[in-house]
Amino acid sequence: HAMRLRDSLFLWVGAAPALASLAVAMCSPRDSIPVAASLLGDPSDTASSCLAQRLGRCGRAGVRGSRLPPGTRGKTKKQIFVSYNLQNTDSNFTLLIENRIKEEMTAFPEKF
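Residues numbered from 1 in each chain as written. Predicted model: local features only at pLDDT ≥ 70, side-chain atom pairs only at ≥ 80, totals over all residues. Heavy atoms only, no water.

- Per an unreviewed UniProt entry, the chain carries the name PSMG4 protein and comes from Pomatostomus ruficeps.

Here it is as structure tokens:
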């Protein structure tokens, strides 16, 4: 489930209605890689924060309005909240989920 907010995006991934973990990723003015933090849940479970960080994209050194490098379609420049609530932590399964989200972001950018 994705919910576009004014200046951010909330993304929930799960099979049952639960909010067991919540992480946020946002741009830093000093780096092109988003900074991520766990807000809710077990801090040793990094699935939500890793997904938020990979889906977020700040552009060059976090500068607003900078052009995205090639191959970064399906990423957002917004602050992104992710709640990943699946027991399957297999990296291939997680990658499939991430790629499906990126496909949706590319196909329907107005919803993200």
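### Notes on the nonpolar core
Here is step 1 of the chain: Counting residues in each nonpolar core, the largest one holds 16 residues, and the members touching the most others are Val13, Leu51, Leu55, Ile80, Tyr84 and Ile101.
Here is step 2 of the chain: Breaking this core down by element, the ones donating at least two residues are strand 2 (8–14), helix 1 (47–55), strand 5 (79–85) and helix 2 (91–107).
Here is step 3 of the chain: With 4 residues, helix 1 is the single largest residue contributor to this core.
Here is step 4 of the chain: Phe10, Leu22, Val24 and Phe81 belong to the second largest nonpolar core, which has 5 residues in total. (Core = buried A, V, L, I, M, F, W, Y, C linked by side-chain atoms within 4.5 Å. Buried < 20%, exposed > 50% of the residue type's maximum accessible area, 1.4 Å probe, protein only. Helix = DSSP H or I, 4+ residues; strand = E, 2+ residues; numbered from the N terminus.)

### Quick look at empty space enclosed by the protein
If a probe as big as a water molecule is rolled over the atoms, it shows which places are left empty.
Here is step 1 of the chain: Considering all chains together, one arrives at 1 cavity of 30 Å³ or more under this definition.
Here is step 2 of the chain: As a volume, the largest cavity reaches approximately 40 Å³.
Here is step 3 of the chain: Forming the boundary of the largest cavity are Ser21, Leu22, Ala23, Ser38, Leu40, Gly41, Asp42, Asp45, Ser48 and Ser49.
Here is step 4 of the chain: Elements represented by at least two residues in the lining of the largest cavity include exactly strand 3 (22–28), strand 4 (31–40) and helix 1.
Here is step 5 of the chain: Taken together, the residues of the lining of the largest cavity sort by class into 3 nonpolar, 5 polar and 2 charged. (1 Å grid on protein atoms, 1.4 Å probe; cavity = no way out; pocket = protein on both sides within 12 Å on 5 of 7 lines; lining within 4 Å. Points joined across faces, edges and corners; volume = space filled by probe spheres on them. Nonpolar A, V, L, I, M, F, W, Y, C, P; charged D, E, K, R; others polar.)

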